[in-house]
Amino acid sequence: MALEDLKALEREYVMGTYARNPVEFVRGEGCRLWDDEGNEYLDFLGGISVVQIGHAHPTWVEAVSEQAGRLAHAGNLFYTGPAMRLAERLSKLSLGGKVFFTNSGAEAIECAIKLARKRKQGGGVVVLEGAFHGRTYGALSATPQEAKQAPFAPLVPGFVSVPRDDPEALAGAVDGETAAVIIEPIQGESGIHPISEEVLRAAREACDRHGALLVFDEIQCGMGRTGKMWAWQHVQVEPDVMTVAKGLGGGLPIGACISSPDHADVLEPGDHGSTFAGGPVIAAAANAVLDVVDDAELLVEVTDNGETLAEGLRELGLEGVRGRGLMLAFEIPEAPDVARRLLLEQRLVVNATGPTTIRLLPPLTVAGDEIQDALGRLGDVA
Ligand SMILES: Cc1ncc(COP(=O)(O)O)c(C=O)c1O
């Protein structure tokens, strides 16, 4: 079907929540995408930190196909192997407690909020300005952005926000009534803003002092994206609960809320649930992603390639280069227009998070020559 026909279908039948680019992708392999006319693109967005091990990675394709051919769904009233194995791996790789599976990032945040509120009933939740935690009501209430929240008021009560770079303001906002502090260690949607070690430590101390849960949202910055499995491992400030999604499934929808051992049994039978979550196909996909990403050599490459990319951006004279590993951004006037030109003229897929910010989130398996190729394409436009 031609692109014009797809646009017509969208206009008539799809709620207009997305501003789509005028490209139809039909195939992907590694860091490459192809449109319906056979044009090849270099993917430096990875579906916004989802395509963690590249498109159609053989390990992933084999795991998903094999599981889909055997059993796609049985439901959470029964056991299936992939989910239990995945829970063990995620727990051992992170906080050592228990896992609740979800279908998305927002739902993983919902689980974290429910866990924190069940533990301290009626308790408040402190979040940082600029945060993005999702679009469902709890997650939206934790996303202090006027434009996203205002049309949907009233939101869930009890959420307060503080500046993202002020450890004292954060400490001052936490008290005995606080159920949780929720932080993205590197804010993604607001334009790749690493939260300082000072702020993360202040949050940890305030939570310890007042018996609140520290929740890290690693939905965008986790799963090896920054060169360590989790972004918090760069500063060794360990949360009580963390949320993962996006790259976990490598292209299929799965999220997880992971607790430390101390909080592993707060949620009990009947407290929470989800029909599809942790199904065998998506869990097999996530296990395949971990087979590739949980590899010290790959994580070193993420660090090295990230440094090469960041350095290359600086050499192009781009301003405000920031981020960690393969989670980078830079400043440029009229960023949405630049992103569009990169897509349509250079066939480089990136994304503008705001009027002056371009974000880069290539698959972690990106090769050195693909980094140079992307820099060449960026240099032609920027
Ligand atoms: C840090 C963070 N948290 C939560 C979410 C929400 O995830 P989802 O869109 O899967 O609900 C996102 C999505 O961009 C995110 O980047």
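What counts and how
Residues numbered from 1 in each chain as written. Predicted model: local features only at pLDDT ≥ 70, side-chain atom pairs only at ≥ 80, totals over all residues. Heavy atoms only, no water. Near = heavy atom within 4 Å. Polar contact = N/O pair within 3.5 Å; in protein donor to acceptor, adjacent residues only side chain to side chain. Areas by Shrake-Rupley, 256 points an atom, 1.4 Å probe, with all protein chains shown as cover. Pairing = 2+ DSSP bridges. Helix = DSSP H or I, 4+ residues; strand = E, 2+ residues; numbered from the N terminus. Axes fitted to C-alpha atoms, helices over the stretch in contact; angles between N-to-C directions. Contact = heavy atoms within 4.5 Å. Phe/Tyr/Trp six-rings, centres within 6.5 Å; stacked < 30°, edge-to-face > 60°. Buried < 20%, exposed > 50% of the residue type's maximum accessible area, 1.4 Å probe, protein only. Lys NZ or Arg CZ within 6 Å of the ring centre and 35° of its normal. Expected span 1.5 Å × (residues − 1). Arc of directions from axis to C-beta. Patch = residues over 30% accessible without salt bridge, like charges linked within 9 Å, V, L, I, M, F, W, Y side chains within 5 Å. Salt bridge = Lys/Arg side-chain N within 4 Å of Asp/Glu carboxyl O. Disulfide = S-S within 2.5 Å. Lys, Arg positive; Asp, Glu negative; His and termini not counted. Charge placed at Lys NZ, Arg CZ, Asp CG, Glu CD.

Colleague: Describe the site of the ligand, and please don't skip the residues or the numbers.
Modeller: Near the ligand the following residues occur: S104, G105, A106, F132, H133, G134, E184, E189, D217, I219, Q220 and K246. In this structure, G105 approaches the ligand through a main-chain N or O atom, which is 2.8 Å from an oxygen atom. Separating a nitrogen atom of the ligand from a backbone N or O atom of F132 is a distance of 3.3 Å. Considered on its own, the ligand offers 390 Å² of accessible surface; in the complex 82% of this is hidden by protein.

Colleague: Summarise the sheet that holds strand 17 (residues 357-360); cite the residues concerned and give the values.
Modeller: Ordered by their spatial adjacency, four strands build an open sheet running 13-14-17-16, and the pairing between neighbours is antiparallel. Of all strands in the sheet, those with a lone pairing partner are strand 13 (319-324) and strand 16 (351-354), marking the two edges. Adjacent strand axes in the sheet meet at a mean angle of 25 degrees when their direction is disregarded. In the sheet, strand 16 pairs with strand 17 via three bridges, with the strands oriented antiparallel. Paired with A352 across the strands is I358, a residue of strand 17. Here helix 11 (residues 296-315) sits on the sheet and contacts strand 13, strand 14 (327-331) and strand 17; the angle it forms with strand 14, its principal contact strand, is near 5 degrees.

Colleague: Explain the packing of aromatic side chains to me, using residue names and the numbers behind them.
Modeller: Inspection of the entire model under this criterion finds one aromatic pair. Ring centres of F25 and Y41 lie 5.0 Å apart, and the angle between their planes is 90 degrees; this geometry places the pair in the edge-to-face category. Of this pair, F25 sits in strand 1 (residues 25-29) while Y41 sits in strand 3 (residues 40-43); the two residues are 16 residues apart in sequence, bridging distant segments of the chain. What makes F25 partly exposed here is its relative accessible area of 34%. Accessibility expressed as a relative area gives 4% for Y41, which makes it buried. For the cation-ring pair, R27 lies above W34, with the distance from its terminal atom to the ring centre recorded as 4.0 Å. In this structure, R347 packs its charged tip against the face of Y41, placed 5.6 Å from the ring centre.

Colleague: Describe helix 10 (residues 280-293), listing the residues and the values that go with them.
Modeller: Between its first and last C-alpha atoms helix 10 spans 20 Å; for 14 residues at 1.5 Å apiece the expected length is 20 Å, and the two agree. Counting buried residues along helix 10, 13 of its 14 residues qualify, which places the element largely inside the surrounding structure.

Colleague: Account for the side chain of S141, with residues named and values stated.
Modeller: Turning to its location among the elements, S141 is positioned in helix 6 (residues 137-141). A distance of 2.6 Å separates the side chain of S141 from the backbone oxygen of Y137, its partner in a polar contact. Sequence-distant contacts of S141, that is, excluding residues within four places in its chain, are made with T136, Q149, L155, V156 and F159.

Colleague: Could you give an account of the environment of G97, naming the residues involved and the relevant values?
Modeller: Within the secondary structure, G97 sits in the loop between helix 4 (81-93) and strand 4 (99-102). On the accessibility criterion, G97 (13% relative accessible area) is buried. Residues G97 and G130 lie 33 residues apart in sequence; the distance between their C-alpha atoms is 29 Å. The residues touching G97, leaving out its near neighbours within four places in the chain, are S91, S259, S260, P261 and A264.

Colleague: How would you sum up the environment of L86? Please name residues and give values.
Modeller: Following the sequence through the fold, L86 ends up in helix 4. The class for L86 is buried, based on a relative accessible area of 0%. Through-space distance from the C-alpha of L86 to that of A285 is 9.8 Å; in sequence the pair is 199 residues apart. In this structure L86 touches F101, I254, A283, A286, N287 and L290, once residues within four positions along its chain are discounted.

Colleague: Tell me about helix 13 (residues 368-381), residues and numbers included.
Modeller: The end-to-end C-alpha distance of helix 13 is 21 Å, a good match for the 20 Å that 14 residues give at a rise of 1.5 Å each. Of the residues making up helix 13, those classed as buried are E370, I371, A374, L375, R377, L378 and V381. One face of helix 13 carries all of its buried residues, which in axial projection span an arc of 165 degrees. For helix 13, the exposed residues lying more than 90 degrees away from the buried face are D369 and D380.

Colleague: For a nonpolar patch on the surface, give the residues involved together with the corresponding values.
Modeller: Taken together, the side chains of M1, L9, Y13 and V14 make up a nonpolar region of the molecular surface, amounting to roughly 460 Å² of accessible area. If you trace the backbone, V14 turns up in the loop between helix 1 (3-13) and strand 1. With a relative accessible area of 39%, V14 lands in the partly exposed category.

Colleague: How would you sum up the state of the cysteines? Please name residues and give values.
Modeller: With the rule as written, the count across this model stands at zero disulfides. Its sulfur unpaired, C221 is 15 Å from the next cysteine sulfur, which belongs to C257.

Colleague: Can you lay out a negative patch on the surface for me, pointing to particular residues and giving the numbers?
Modeller: Taken together, the side chains of D294, D295, E297, E301, D304 and E307 define an acidic patch exposed on the protein surface. Secondary-structure assignment places D304 in helix 11.

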